[in-house]
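Results of the structural survey
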Amino acid sequence: MVRANGAVSLRELARVVQTSEVTVRRDVRALEAEGLLDRRHGGAVLPGGFTRESGFPQKSHLATAEKTAIADLAASLVEEGEAVVVGAGTTTQELARRLARIPGLTVVTNSLLVAQALAHANRVEVVMTGGTLRGSNYALVGSGAEQSLQGLRVSRAFLSGSGLTAERGLSTSNMLSASVDRALVQAAAEVVVLADHTKLGTDTMFQTVPTDVITRLVTDDPPAHDDRAATELQALADQGVQITVAGGAAGSGPGGEGAPPGSRPRRDTTPLPGQRRTHTGSGPGPQTRRGTPASAGMLADQPGERTRVADLRHR
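What comes next is a walk through the structure. (Residues numbered from 1 in each chain as written. Predicted model: local features only at pLDDT ≥ 70, side-chain atom pairs only at ≥ 80, totals over all residues. Heavy atoms only, no water.)

With that settled, the discussion passes to the pairing of strand β12 (residues 188-194). Of all seven residues in β12, five are buried; the element is thus mostly enclosed. Of the strand pairs in this sheet, strand β9 (residues 154-159) and β12 are connected by five bridges, and their pairing is parallel. Note that in β12 the partner of Phe158 across the bridge is Val192. Pairing geometry for β12 and strand β14 (residues 216-220), over three bridges, is parallel. Looking across to β14, one finds that Val193 is bridged to Leu217. (Buried < 20%, exposed > 50% of the residue type's maximum accessible area, 1.4 Å probe, protein only. Helix = DSSP H or I, 4+ residues; strand = E, 2+ residues; numbered from the N terminus. Pairing = 2+ DSSP bridges.)

Another aspect to go through is the pattern of salt bridges. Counted by the stated rule, this structure contains nine salt bridges. For Arg26, the salt bridge goes to Asp27, with nearest N and O atoms at 3.6 Å. What makes Asp27 partly exposed here is its relative accessible area of 38%. Where Arg156 meets Glu190, a salt bridge forms, and the shortest distance between an N and an O atom there is 3.6 Å. Taken as a pair, Arg156 in strand β9 and Glu190 in strand β12 lie far apart in primary sequence, 34 residues in all. In this structure Glu190 comes out as partly exposed when scored by relative accessible area, which is 25%. Residues joined in a network through salt bridges with shared partners are Asp72, Glu94, Arg97 and Arg98. (Salt bridge = Lys/Arg side-chain N within 4 Å of Asp/Glu carboxyl O.)

Now for the environment of Asp212. Relative to the elements of secondary structure, Asp212 occurs in the loop between β13 (206-209) and β14. For Asp212, a relative accessible area of 29% puts it in the partly exposed group. Along the sequence, Asp212 and Arg168 sit 44 residues apart, while their C-alpha atoms lie 9.3 Å from each other.

Let us now look at the packing of helix α2 (residues 10-17) against helix α3 (residues 21-33). Here α2 crosses α3 at 110 degrees, and the two axes come no closer than 9 Å. Between α2 and α3, the angle is such that the two are roughly perpendicular. Of the residues in α3, those touching α2 at Leu10, Arg11, Leu13, Ala14 and Val17 are Glu21, Val24, Arg25 and Val28. (Axes fitted to C-alpha atoms, helices over the stretch in contact; angles between N-to-C directions. Parallel < 35°, antiparallel > 145°, perpendicular 65-115°, else oblique. Contact = heavy atoms within 4.5 Å.)

Below, the structure written as structure tokens:
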């Protein structure tokens with residue numbers, strides 16, 4: 001019942017299972033101990049925010065330094081004259097502010113915030129999808145947005161979400177947002193996920209991008225005590241996702257907020273063998289091919305990376 005409705009009252013549970021509220025309360029407490037749900041006053045909800053989604057004002061104040069570093073690094077992947085897709089989110093909004101410095105870009109987006117960040121950029125063309133405005137994240141969703149993406153082809157898509165796991169890939173709490181994100185993915189030859197460490201290991205209701213479709217993850221270095229994030233990074237790398245970790249303090253050094261156009265932030269990249277995506281030209285979207293799982297050596301190919309990755313694994 002909780003999975004179907006997102007939340008349920010103890011009174012309703014007692015009525016459905018034909019027992020007392022005392023018994024239901026005891027059972028809910030036991031289920032919470034197993035991590036299957038969270039208790040609330042007079043009821044229970046899904047754990048980890050499976051159905052709950054914070055609004056833009058709340059999200060914009062979470063992990064701001066990490067998002068800045070991730071955006072700096074993601075922008076360094078984009079070259080002059082490219083055509084890219086940028087999805088909705090606070091991290092992608094930060095990315096858009098940096099893309100405004102790169103001339104000759106064409107940016108397709110369903111996000112009003114991304115479009116606003118690029119509105120006054122010289123030599124950057126912004127193409128917006130149609131659709132219905134979803135006020136909580138200022139994004140265009142629905143069939144209009146999805147239909148406007150049909151037949152589109154760009155070099156890569158930059159997407160964010162509510163959670164990322166090696167098992168399910170990128171996910172979000174809203175069905176309409178998930179559907180549009182899947183359409184954005186179909187338009188791109190490569191998929192780059194932007195997710196700070198707080199989203200690693202978090203699973204939400206609607207899958208948007210399966211793990212085997214994700215080309216690269218751009219993230220920040222998880223804290224020493226965050227075993228879940230470090231474990232998830234290793235699992236994603238083992239499944240063929242290229243892991244790029246933002247190094248250094250956000251906004252400082254090359255590529256920060258005050259960096260000149262064309263400068264590149266420092267990054268630590270986990271390279272993986274093989275080309276993971278090929279396009280046959282016979283379908284509407286990219287075909288995927290699983291790369292060989294990363295070995296311990298593959299995780300440490302870059303100079304200075306051995307110590308960092310070994311430290312992550314130790315954590």
